[in-house]
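# Structural overview for review
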Amino acid sequence: MTTREKPLVIITRKLPAPIEARMCELFDTRLNETDRPLEQPELVAAVREADVLVPTVTDRIDRAVIEQAGPRLKLIANYGNGVDNIDVEAALGRNLFVTNTPNVLNEDTADMTMALILAVPRRLVEGGMRLTSGEGWPGWSPTWMLGRRIWGKKLGILGMGRIGTAVARRAKAFGLEIHYHNRRRVSPKTEAELGATYWESLDQMLARMDIVSVNCPSTPATFHLLSARRLALIQPHAFIVNTARGEIINEKALVRLLEENRIAGAGLDVFEEEPAIDRRLLRLAEQHRVVLLPHLGSATIEARIDMGEKVIINIRTLMDGHRPPDRILPGGY
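Because the structure is predicted, anything quoted here is derived from the model rather than measured. (Residues numbered from 1 in each chain as written. Predicted model: local features only at pLDDT ≥ 70, side-chain atom pairs only at ≥ 80, totals over all residues. Heavy atoms only, no water.)

### Regarding the overall build of the protein chain
Helix and strand content of the protein chain: 13 helices and 12 strands. Against the globule reference of 20 Å for 333 residues, the protein chain gives a C-alpha radius of gyration of 22 Å, in line with a compact fold. Counting across all 333 residues of the protein chain, residues that qualify as buried make up 48%. In the protein chain, 62% of the contacts between residues at least 6 apart in sequence involve partners at least 24 apart. When the accessible surface of the protein chain is summed, it comes to about 16,600 Å², and 52% of that surface belongs to carbon and sulfur atoms. For the protein chain, the distance from the average site of its 44 positive side-chain charges to the average site of its 42 negative ones is 5 Å. (Helix = DSSP H or I, 4+ residues; strand = E, 2+ residues; numbered from the N terminus. Rg over C-alpha atoms; globule rule 2.2 N^0.38 Å. Buried < 20%, exposed > 50% of the residue type's maximum accessible area, 1.4 Å probe, protein only. Contact = heavy atoms within 4.5 Å. Areas by Shrake-Rupley, 256 points an atom, 1.4 Å probe, with all protein chains shown as cover. Lys, Arg positive; Asp, Glu negative; His and termini not counted. Charge placed at Lys NZ, Arg CZ, Asp CG, Glu CD.)

Here's what the structure looks like:
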């Protein structure tokens, strides 16, 4: 590729129209007009030809794909905050840059987390569906559709990064006690601002919380971090919310505990095998034991445009001969 050529950028999914238009102005851009997830042979064909691949969370860019990359490929610019869908170590071995789109999803994901923290104990979805289900509303009653108060309850945040901290700020305003477990303790200033209690032991925190919110990234170290053993530590009256990644929770174990009434309920925006959903989870949703959402944490127009702008900056920076600002290294996320 000469300096006068536009780089070939292949985008695996349909992006917001302003982002696609800008990319077509700047680069030789190949769009996915159908928005159909690409199969592995199509991903292989893309990395053989492109200068830049722009995948999303639905694309598994593993070693088998990366090892077939052509000599032109320089950058895998992930359209997403996480990079658990990319073998970053394999990419580094081929001298490829990997980037993501950090710091643009924090507030939207925290909003969704807080929405689930409210929706599950207060039975919001169940109540709304009662009005449209044809069953009819019998009118106000002192004992009908009783939920649980969240004011004064203990919220345990698993992963006190940017999103976890944003969740804590919202939760504090709702009167929740803030507790957290993290690889590293946050600053004393942040702890004081939030009135947050740090738990070095995740086991001990889980056993004492009323609500548990999962906000850590998906890495090999966090796969099934909430194992069957750890989930069993959660109190029967407690609720669990996950807006991070499905595989952080042992989903089968969670389903079993919910079915046995050993956890009060759950709010899930992500799933271990998404887009496939465990049929038992769907049955629990029909019974109003869980609230399920189709991975909507970052689904705002503003967030998706901000993500695209991050991708564009990373591509342009690299093509101008500089290190992209959002570069990811193995173990660095």
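### A few points about the domain arrangement of the protein chain
Partitioning the protein chain into domains gives domain 1 (8-100 + 301-328) and domain 2 (105-292). Residue-level contacts link 6 residues of domain 1 with 6 residues of domain 2. Approximately 490 Å² of surface area, both sides summed, lies buried where domain 1 meets domain 2, with 55% of it carried by carbon and sulfur atoms. Three residues, N81, D84 and A303, lead the burial of domain 1 against domain 2; their summed loss comes to 70% of the area buried on that side. Viewed at the interface, domain 2 and domain 1 are joined by 1 salt bridge. Residue R245 is joined to D84 by a salt bridge in which the shortest nitrogen-to-oxygen separation is 3.3 Å. Where domain 1 meets domain 2, there are 1 residue pair in polar contact (both at pLDDT 80 or more). Within the side of domain 1 that touches domain 2, the residues separate by chemical class into 3 nonpolar, 2 polar and 1 charged. (Domains from an automatic or database assignment. Buried area = accessible area lost by both parts, 1.4 Å probe. Salt bridge = Lys/Arg side-chain N within 4 Å of Asp/Glu carboxyl O. Polar contact = N/O pair within 3.5 Å; in protein donor to acceptor, adjacent residues only side chain to side chain. Nonpolar A, V, L, I, M, F, W, Y, C, P; charged D, E, K, R; others polar.)

### A word on the environment of R316
Positionally, R316 belongs in helix α13 (residues 301-319). Taking the C-alpha atoms as reference points, R316 and P7, 309 residues apart in sequence, are found 9.6 Å from one another. Apart from the residues lying within four places of it in its own chain, the contact partners of R316 are R22, L26 and F27.

### Topic: the packing of helix α11 (residues 251-259) against helix α12 (residues 279-286)
Here α11 crosses α12 at 35°, and the two axes come no closer than 10 Å. Pair α11 / α12 crosses with left-handed handedness. On the side of α11, the interface is formed by E251, K252, V255, L258 and E259, while α12 contributes R280, L281 and L284. Looking at the contact of α11 with α12, its residues break down into 4 nonpolar, no polar and 4 charged. (Axes fitted to C-alpha atoms, helices over the stretch in contact; angles between N-to-C directions. Left-handed = near helix turned anticlockwise from the far one by under 90°.)

### A closer look at unusual backbone geometry
Note the cis peptide between E274 and P275, where omega equals 10°. Positive phi, normally seen in glycine, also occurs at N261, with a value near 60°. The residue N261 is located in the loop between α11 and β11 (265-268) in this model.

### Structural notes on the environment of R72
If you trace the backbone, R72 turns up in the loop between α3 (63-66) and β4 (75-77). Judged by relative accessible area, which is 32%, R72 ranks as partly exposed. Not counting the four nearest positions on each side in its chain, R72 is found in contact with E5, E49, A50 and D51. A polar contact of 2.8 Å, which involves the side chain of R72, links it to the side chain of D51.

### Comments concerning the side chain of D326
Residue position: D326 is located in the segment after α13. Excluding residues within four positions of it along the chain, D326 makes contact with V98, T99, N100, P102, K310 and N314.

### So, the environment of E5
Turning to its location among the elements, E5 is positioned in the segment before β1 (8-11). Along the sequence, E5 and F27 sit 22 residues apart, while their C-alpha atoms lie 8.9 Å from each other.

### Considering the sheet that holds β11
With parallel pairing, the 7 strands of this open sheet are ordered in space as β8-β7-β6-β9-β10-β11-β12. Here the strands that pair on one side only, and so sit at the sheet edges, are β8 (197-198) and β12 (290-292). Pairing geometry for strand β6 (residues 154-158) and strand β9 (residues 211-214), over 4 bridges, is parallel. If you follow G156 over to β9, its bridge partner there is V212. Packed on one face of the sheet, helix α7 (residues 162-173) meets β6, β7 (177-181) and β9 and runs near 170° to β6. (Pairing = 2+ DSSP bridges.)

### Thoughts on the UniProt feature "domain: D-isomer specific 2-hydroxyacid dehydrogenase catalytic" (unreviewed entry) in the protein chain
Mapped onto this structure's residue numbering, the UniProt feature "domain: D-isomer specific 2-hydroxyacid dehydrogenase catalytic" (unreviewed entry) falls at residues 22-327. Secondary structure content for residues 22-327 is 38% helix and 13% strand, while the C-alpha to C-alpha distance between its ends is 22 Å. (UniProt positions renumbered as here; feature names shortened; annotations may be inferred.)

### Quick notes on the packing of helix α1 (residues 17-26) against α13
The contact between α1 and α13 brings their axes to 9 Å, and the two run at 15°. Looking at the two axes, α1 sits roughly parallel to α13. In this structure, α1 crosses over α13, and the sense of that crossing is right-handed. Here P18, I19, R22, M23 and L26 of α1 lie close against α13, whose contacting residues are I305, G308, E309, V311, I312, I315 and R316. Residue composition of the contact of α1 with α13, by class: 8 nonpolar, 1 polar and 3 charged. (Parallel < 35°, antiparallel > 145°, perpendicular 65-115°, else oblique.)

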